[in-house]
Structures are given as structure tokens and as C-alpha cells.
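Examining the three-dimensional arrangement
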Amino acid sequence: MGLRTFLTDAWSWLNYKPMMAGTHDGRPHRALAPDLRATWLPDEAVRRLAAYKLMAAYDNNQAGELASLAGNEATAERREFGDPSAFVDTSLAHLLGKSQQIIVPGAEHAKDTDATPEAVAAAAMQQRLRDWAEAELLPLRMQAAERKAVLLGDAVYLLAWDPAKGRVTLRTYDPGFYFPVLDDDADPGDYPTRVHLAWDIPENPRRGLKARVRRVTFELGPIGAGSADHEVTRRYPWAPDRPSTLTCYLTDAEWAIDDLRHGQVLDELPLDKATFRTRPDGQVLNRLDLMIDFIPIIHVSNTVDDGEHFGQSTLAKVMQTLDELAETDTDSSRASATTGAPIIGLAGARAEVDRVTGRPKPLSVEPGTIFQLADGGRMDVLDTSEQLAELRARVDEIRDRAAVNARLPAVSLGTVDPTDVPSGYALQISLGPLDSLVDSMRLARAHKYSLLLKMVQRLHQAGQAEGWPTGGTLAARLVFGPHMPTDRQAILDEVVKGVGAGVFSLETGIRMLQDADYPIEDAREEVARITARDAATSRDQEARLPSSSTF
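So, here's what we can say about the structure. For clarity, every value in this text was computed on a predicted model and none was experimentally measured.

Sheet strands associate in pairs through backbone hydrogen bonding, adopting either a parallel or an antiparallel arrangement. Strand order across the open sheet formed by 3 strands is β3-β2-β10, with antiparallel pairing between neighbours. The sheet terminates laterally at β3 (167–173) and β10 (297–301), the two strands that pair on one side only. Here the strands of the sheet are splayed against their neighbours by 25 degrees on average, with no regard to which way each runs. Inspection of the sheet shows strand β2 (residues 154–162) paired to β3 by 7 bridges, in the antiparallel sense. Pairing of Val156 across the sheet is with Tyr173, part of β3. The sheet contacts of helix α10 (residues 432–462) involve β2, β3 and β10, and relative to β10 the element is tilted by about 170 degrees.

This part is about the packing of helix α3 (residues 83–96) against helix α5 (residues 138–152). When two helices pack together, their arrangement is given by the angle between the helix axes and by the axis-to-axis distance. It is the contact of α3 with α5, at a shortest axis distance of 9 Å, that shows an interaxial angle of 125 degrees. By the angle between their directions, the pair α3 and α5 is classed as oblique. Here the hand of the crossing between α3 and α5 comes out right-handed. Packed against α3, whose contacting residues are Ser85, Val88, Asp89, Ser91, Leu92, Leu95 and Leu96, the element α5 presents Met142, Gln143, Glu146, Arg147, Val150 and Leu151 at the interface. A class-by-class count of the residues in the contact of α3 with α5 yields 7 nonpolar, 3 polar and 3 charged.

Before going further, it helps to spend a moment on the environment of Arg79. Here Arg79 shows up in the loop between α2 (63–69) and α3. With a relative accessible area of 39%, Arg79 lands in the partly exposed category. Along the chain, Arg79 and Arg334 lie 255 residues apart, while their C-alpha atoms are 9.9 Å from each other. Excluding residues within four positions of it along the chain, Arg79 makes contact with Ala326, Asp329, Thr330 and Ser333.

What follows deals with unusual backbone geometry. Its identity is not glycine, yet Arg407 carries a phi of approximately 60 degrees, on the positive side. Along the chain, Arg407 turns up in the loop between α7 (385–405) and α8 (410–413). Overall, the relative accessible area of 33% leaves Arg407 in the partly exposed class. The phi dihedral of Gln464 falls on the positive side, at around 55 degrees, and the residue is not glycine. Note on placement: Gln464 falls in the loop between α10 and β13 (477–480).

Okay, the packing of aromatic side chains next. Applying the stated criterion across every chain, the model contains 9 aromatic pairs. Ring geometry for Trp11 and Phe310: centres 6.1 Å apart, planes at 50 degrees, overall tilted. Taken together, the positions of Trp11 in the segment before α1 (46–59) and Phe310 in the loop between β10 and α6 (319–340) put the pair 299 residues apart, joining distant regions of the chain. There is no split in this pair, since Trp11 and Phe310 are both buried. With centroids separated by 6.2 Å and ring planes inclined at 80 degrees, the aromatic side chains of Tyr449 and Phe480 adopt a geometry described as edge-to-face. Here Tyr449, found in helix α10, pairs with Phe480, found in strand β13; they are 31 residues apart in sequence, far enough to count as distant. Relative accessible area serves as the criterion here: at 4%, Tyr449 is assigned to the buried category. Three or more aromatic residues link up through ring pairs in this structure, and these residues are Trp11, Tyr178 and Phe310. Directly above the aromatic system of Trp468 lies the positively charged group of Arg128, at a separation of 5.6 Å from the ring centroid. Above the ring of Tyr249, the side-chain terminus of Arg287 is found at 4.1 Å from the ring centroid.

Rules of the game
- Residues numbered from 1 in each chain as written.
- Predicted model: local features only at pLDDT ≥ 70, side-chain atom pairs only at ≥ 80, totals over all residues.
- Heavy atoms only, no water.
- Pairing = 2+ DSSP bridges.
- Helix = DSSP H or I, 4+ residues; strand = E, 2+ residues; numbered from the N terminus.
- Axes fitted to C-alpha atoms, helices over the stretch in contact; angles between N-to-C directions.
- Contact = heavy atoms within 4.5 Å.
- Parallel < 35°, antiparallel > 145°, perpendicular 65-115°, else oblique.
- Left-handed = near helix turned anticlockwise from the far one by under 90°.
- Nonpolar A, V, L, I, M, F, W, Y, C, P; charged D, E, K, R; others polar.
- Buried < 20%, exposed > 50% of the residue type's maximum accessible area, 1.4 Å probe, protein only.
- Phe/Tyr/Trp six-rings, centres within 6.5 Å; stacked < 30°, edge-to-face > 60°.
- Lys NZ or Arg CZ within 6 Å of the ring centre and 35° of its normal.

Right under this line is the structure:
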């Protein structure tokens, strides 16, 4: 019997589960996900996809079912009440905040009397991006993608130009379909030059189709054939003064599983056995030149890069706590059954005899049941109420510990009575861990969403969309709203006192009210309206005053 391998990687926090490290080489148990044994799957992706499936089982209250399939039959009756899902949904809500807004720096000065052409261009681009986000339902797609990022650790966006719609389309993909080709000596934070989106297509006997694998490949490479002495260059609309030798090629093909030999992994599938897909216009998708010099895929990781390309689930550090919570819930459920319907022992009772079999009938306890006991008879009841109370207290204790380690205070989970909070300052201190969690998660995403908005601009330029001028790409970022409710009345009082005392300007006060979700669309227009109103009020007051000639 060999020794088990001590394995440390991005998913080693799941090694405590036998199904995740069930073999001596650290590979997951085959019962966890039989499809992971597909011949085309890269070895380095096996544990990642197993971790995704395991996390999805926790999210759907199927962890016990999955464990029983892996051979642990005792978990078949495991009680799961949605605690992992509640943790994920709470983290997601605080991450996204109440709103998400696209901001282009400099756009706020477009309405100044001395506005520069750069500010006007920034405001126009900001409006175009916001219109695109509304047309593409960006908040809805972010909700779907970010939930996968919080739960699984990763999310994937794909951008594409749609000539029929005349705009860029945005799609989200399960991270289990995402297979970047990463160089061993490359920095994990570097953008890969070759990315696959791949998945299995099950067989369809009714249509006579065999099991297949579909692979959509994006790859950066030299433009055209070229030669060693002469490189083909192209000037892209976002960099008209800088010729480029790179372009992105798209290949969309399928392979029958039966046509693949053992050892032919995803990046090495034989092209001579591929069936290439075609576009509606008849264009074969075999190294199609997309006329862009970037791969239009955005990979969002849930955590800040620490040497790993892939992120880590929000539940990573509390998985064992969630397991113990489910086990305690199971014990509590069993104890409540014996408390509500206690076990009763009778001595000296005369049981009714079944006339057919001649055997005593089983005794049942129902409301109004009367037992006739002989002399010296006795009835004993097993009281498990004390054990039930202890188990319920244990459930609360474990849930609180999981919340602390996940940096989700009880107040954010909605399990705290507001009357139990001694003061607003104490509440603010208790939210400190949540603030750090949200800041870390948003920091990990800041660059990715800026990159997404940059690609949106360039794809519109490449598609020659109306109203999208050529030239350098403007910096844009996605700003998340506040993740906790604000005391609007307190902020309003602060603004009134601060502006009245001259501590800060009216413009600053208006921006503070905007951050507190007051319905103010444009800070400068609001300032102009307030100034005009104050001036009109002053003129009316001066008109009412008696002139000096009357005295």
C-alpha cells in the first residue's frame, strides 16, 4: 500500500474530503465526477473541475447525496438547510452593492463653461457605454457571472461583435468551460495568448449523434502567412499611428469522442478529424481572422492574484465548519423527532391480540390513548429535550463561527435583532471584517471590468459602429454602489450643517447626497438649480423691503 501524496495547490483546502483526494496521486474520486475522466481533459484541470462540482453540490443542498455516491452511505440522510447558499448570496449582495455605474474620468466636467474637448469626448463615451450596458442587460449578466465567481472562485465573460444588432454582445460562461493555455514560465497575472472554451456534448440516439466535444479557440498570432523577412502589419482603429503584427484567430470545431486516442488532450486535438462550424453567412470558423489584436474573453477571479491564475471561493476557509453545521443540524433533527414523539416503555400493559395471527398488536400512542396497566405496571418516557436544546445552541455556535471566519458578521446575515446593537458606532465596528472582504473582492475585479469596457470600445470601433469614433481608447471603470445601507437622515443633517458653516462646498455636499442614494442625477445641474433658486429668493426679499424714501 503506497503513501498518499501531500498536495498543496489552489484547491487543497478541499483535501480533507476523501472524495477530493481519494487516490494516492491526489486525484479526485471517480464517483465525484465520472465525466472528468474524458480523454481530452488536461490533467491540470481535473482538480479544478472537481472542486467546481463539489461547490455546486453544496450550493444546491446535494453535498450529502454526492458523498453517498462516493461511498459514504451514512451521509444519505444528511440534513442541509441552505447555509452555504445563504453565505454566497450575502457575499454577492454586498459585493455588487445597490447599483453599478460606468464612469469615464473627466466626464463630470463636460458641462462646465470652459469644458475641454477631452471632457466632452469623455462624457459622450460614458453615455455610449451606459447605453450599451442597458441594451446588453449588463447588471443582470453580472449577477449571474459574479455569483459563480463568489461560489466557485471564477467567472468568464465573452464579448463578440454582432452585425445584425449593430453592437457588441456579452455572454457569460461557466468557468468549467474555460481552459487557458498558460506557459510554465509566464507570470500568472499575464494574459494568455491562447484560450479554449470547451465542453462535452452528450450522445443523442434519437438523432443518431455520438458523444462529442466542442472546442472554441481564441488565439493570438501573426497576421496572415508572412515570412521571416517580412511581417504583415495592420493599423487598428484604436491605434491608427501604431502598426501591429498580431491578430486574433477564432476556431470553432467538434470532435467525436470515439475519434480521440488516449493522451490527446484539449490543446492537441487532431484537426484532420474535426468538424468545423460555420456562421449563418457560410463562413467556416477555422482560424477566422477577427481583425482585433486581443482575445475578447474576460476571466474574473474572486480573490486577488497571489500566484494563481484561478480564484478561490468565498466558502473556501469555512467548508469544514459548514460540514459540521450540517451534521449538527442532522443530529438536531433526529433529537427533535424523539422529543416530539418520545420513546415510551410500558410494563404491565395488556396488549390487544390479533385474532388472525394470535399475536399481540403493536402499541401506538395517539391523543386520548388509554393503557390499562396491571398491578405494579409502569410507563417510562425517554425525555430528549435537554439534548435537543444543547444541539440547537451548538448550531448557533457553529453558525456564528462560520460567519466570523467568512467575514460575514451576523448583522449582515440578518440574524441579529436591531435592539441588541448598543450603538451605531458598535455596529460600524462589527462591520469592519465585511468592509475588508468587500474591498478585497472589488479590488480583484477593478482591472477586469476596466478591461471589459476597453474591449467593448474597441470591438465597436472594429465593427465600425455608428457614433463610435476611431482613436485611442478612453479609460473607463465600473463603480459599485455602497454595500451597506446608509443613514440618509444623518448624512442630510451633516451636509446641511457642513455647507451652512462653510466647512465644505455645496458641490461636495451634493456629491455626498448622491452617494447616499438621493435621487440626484447630475451634481452640477443640481448646484445650478439651487443657486438660481437662492438668487431668486434674494431678489424677492429685496423687492419686499421698503425703500429709504418712505422714511
